[in-house]
Structures are given as C-alpha cells and as structure tokens.
Amino acid sequence: MKSSSTLEHTSHNATHQHLLDTGVNVMAQFGFSGVGLSAILKKAGVPKGSFYHYFASKEQFGQAVLQHYFSRYLAEVNSLLSDTTLPPITRVHRYFTLWQAQYCSMDPVQTCLVVKLSAEVADLSEPMRLALRDGTDKLIGSLASTLALDESSFNHDNALTTATTLYQLWLGATLLTKLHRNDSHLAQAMTITQQKLGLAD
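In this report, we go over the structure that sits alongside the text. In this text, all values refer to a predicted model and were calculated from it rather than measured experimentally.

In this section: the environment of Ala-173. Position of Ala-173 among the secondary structure elements: in helix α8 (residues 156-180). Under the relative-accessibility criterion, Ala-173 is labelled buried at 6%. The residues touching Ala-173, leaving out its near neighbours within four places in the chain, are His-185, Leu-186 and Ala-189.

End to end, helix α9 (residues 184-196) covers 19 Å across 13 residues, agreeing with the expected 18 Å (1.5 Å per residue, within 8%). Those residues of α9 that sit buried are Leu-186, Ala-189, Met-190 and Thr-193. One side of α9 carries all its buried residues, which in axial view fall inside an arc of 100°. Where α9 is buried, its residues touch α5 (88-103) and α8. Count one or two residues on from α9 and you reach Gly-198, which has phi positive near 75°.

Further remarks concern the nonpolar core. Judged by nonpolar contacts, the single largest core of 57 residues is most densely connected at Phe-61, Tyr-95, Phe-96 and Leu-113. The leading source of residues in this core is helix α4 (residues 58-81), at ten residues. Residues within four places of Leu-113 in sequence aside, it is in contact with Val-24, Met-27, Ala-28, Val-65, Leu-66, Tyr-69, Ser-118 and Leu-132.

Bringing the packing of aromatic side chains into the picture now. For the structure on display, the rule yields twelve aromatic pairs. Aromatic pair Phe-51 and Phe-55: ring centres 5.5 Å apart, planes at 35°, arrangement tilted. Ring centres of Tyr-95 and Phe-96 lie 5.0 Å apart, and the angle between their planes is 70°; on these two criteria the pair is classed as edge-to-face. What links up through ring pairs into an aromatic cluster is the set Tyr-95, Phe-96, Trp-99, Tyr-167 and Trp-170. Lys-58 extends its terminal NZ or CZ atom over the ring of Phe-32, reaching a point 4.4 Å from the ring centre.

The terminal C-alpha atoms of α4 lie 34 Å apart, and with 24 residues this matches the ideal 34 Å at 1.5 Å per residue to within 8%. For α4, the full list of buried residues reads Phe-61, Gly-62, Ala-64, Val-65, Leu-66, His-68, Tyr-69, Phe-70, Leu-74, Val-77, Leu-80 and Leu-81.

Turning to the environment of Gly-36, a few remarks are in order. Topologically, Gly-36 is positioned in the loop between α1 (4-30) and α2 (37-44). Using a relative accessible area of 38% as the deciding quantity, one classes Gly-36 as partly exposed. Considering only alpha carbons, one finds Gly-36 and Tyr-69, 33 residues apart in sequence, at a separation of 19 Å.

Backbone geometry places Arg-181, a non-glycine residue, at a positive phi of 55°. Topologically, Arg-181 is positioned in the loop between α8 and α9. Relative accessible area serves as the criterion here: at 77%, Arg-181 is assigned to the exposed category.

The subject of this paragraph is the packing of α5 against helix α7 (residues 126-148). In contact at an axis separation of 8 Å, α5 and α7 are set at 145° when each is read in the N-to-C sense. Contact with α5, carried on its side by Pro-88, Ile-89, Arg-91, Val-92, Tyr-95 and Phe-96, involves Leu-139, Leu-143, Thr-146 and Leu-147 of α7 and no other residues of that element. The residue inventory of the contact of α5 with α7, partitioned by class, reads eight nonpolar, one polar and one charged.

Rules used throughout
All residue numbers refer to position in the chain's written sequence, counted from 1. Note on the predicted model: pLDDT of at least 70 is required for a residue's local features to be given, and 80 or more for side-chain atom pairs to be given and counted; whole-chain, interface and lining totals, by contrast, use all residues. The basis for every side-chain value is the complete set of heavy atoms in the structure, and neither hydrogens nor water enter the calculation. Strands are runs of DSSP state E lasting at least two residues, helices are runs of H or I lasting at least four, and both sets are numbered from the N terminus onward. The buried label goes to any residue with under 20% of its type's maximum accessible area, the exposed label to any with over 50%, and the partly exposed label to all in between, with areas taken from a 1.4 Å probe on protein chains only. Contacts are residue-level and defined by heavy atoms, with any inter-residue pair within 4.5 Å sufficient. The length a helix should cover is 1.5 Å for every residue beyond the first. This arc is taken over the directions from the axis of the helix to the C-beta atoms. Residues enter a nonpolar core if they are buried and are Ala, Val, Leu, Ile, Met, Phe, Trp, Tyr or Cys, with the set joined through side-chain atoms within 4.5 Å. When the centres of two rings from Phe, Tyr and Trp lie within 6.5 Å, Trp using its six-membered ring, the rings pair. Their planes under 30 degrees apart give stacked, over 60 give edge-to-face, and anything left gives tilted. Each ring is checked for a lysine NZ or an arginine CZ that lies within 6 Å of its centre and within 35 degrees of its normal; such an atom marks a charge sitting over the ring. Orientation is described by lines fitted to C-alpha atoms, with helices fitted over the stretch in contact, and by angles between N-to-C directions that extend from 0 to 180 degrees. Residues are grouped as follows: Ala, Val, Leu, Ile, Met, Phe, Trp, Tyr, Cys and Pro are nonpolar; Asp, Glu, Lys and Arg are charged; all remaining types, including Gly, are polar.

And the structure:
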C-alpha cells in the first residue's frame, strides 16, 4: 500500500505533467501572449491558486512548456533518425518529408512551437528564447550527426552546415506557407533539400 506522501508526490507530478501538456496544446494554437493564464488553467481544470505550487509565473511556465515540448519532440526525432534499416541520408530526408506532409495536409495541425513562438517570444522573454535556442540547436545537432554517418558524402563540418541550412530553409518555408496558404514554398524547400542531400534526379 502506497503511503500518503507517495500518493501526494504522484498526484503532484501528474498535475505538473498535465499542465505542461495543456500548455503545449494551447500555445501551439494561440501563441504565448494570445492566451491568458486563466484560460490555460481553465482548459487544464486546475485552480489558479494551485498553479503557483508548480510555477512562479507565466513566463516560467512558458519556459517549462518549451523544455517539455523539445524533450518529447527530440525523442521522437531521434527515434526516427536512429532507424538503421535506412541509410542515414534517407533518414534525414524522411524527417523533412514528414514535415512537408504535416503542413501540406488538407487540415494542417499546428504542433510546432518553434514555428508558432520564435518571433513572438525572442524579444519578450529571455528564458523562453534560450529554451527555443537550445532545443533547435539539439535538433540540428541530431540531423548533423545522422548525416555525418554517411562518411562518403559528409564530414562533421559540412554535415553541421548542411543540417543548419536545411533547418533554416524549412523554418522559413513553413512561415511563408502560413502567410501564403499554399504549398509552393515547402515544395521548393523539398527540391533544394533533395539537391543538398544528393537525392535529386
């Protein structure tokens, strides 16, 4: 039988996790400034007074949400990139193929907090800016490490340069897709990606 302190700790962790999951979903839809703390807590079903047992402020909550998002997202990406049944370059290409499919679907779902929040919070919150920077650096590092496994095409330096260039390309193309509401920019990004990965016909 679990002790009361163990049950309280489990409940505390569950509520903390629930708040972070709710934060990811709400901020992906409305941004950080576009939704108040009360609306987030209403969505989560957590009283406002209880919120401050977990986070000192909305900004600290936003930072934690980003760190939580990247932790989960990077685990998914690294699982994709570690699929040894595929050549390293194919794994990286598949990552961007899935990115393209997400944003070119008939009913695209906004799930990328980098796309949603980068411009908004870069000058608004230093802790959140750093969380975004660190998360994207780790993502680019994972892409670069995968490319570098193909020693016939990449070394450490040009793998990192290529991974950085491709991520910049896709981030910009996604923002333009949101502005123009058509898939031409992502299609062009894919053409350039295939060229840089040596997959073009």
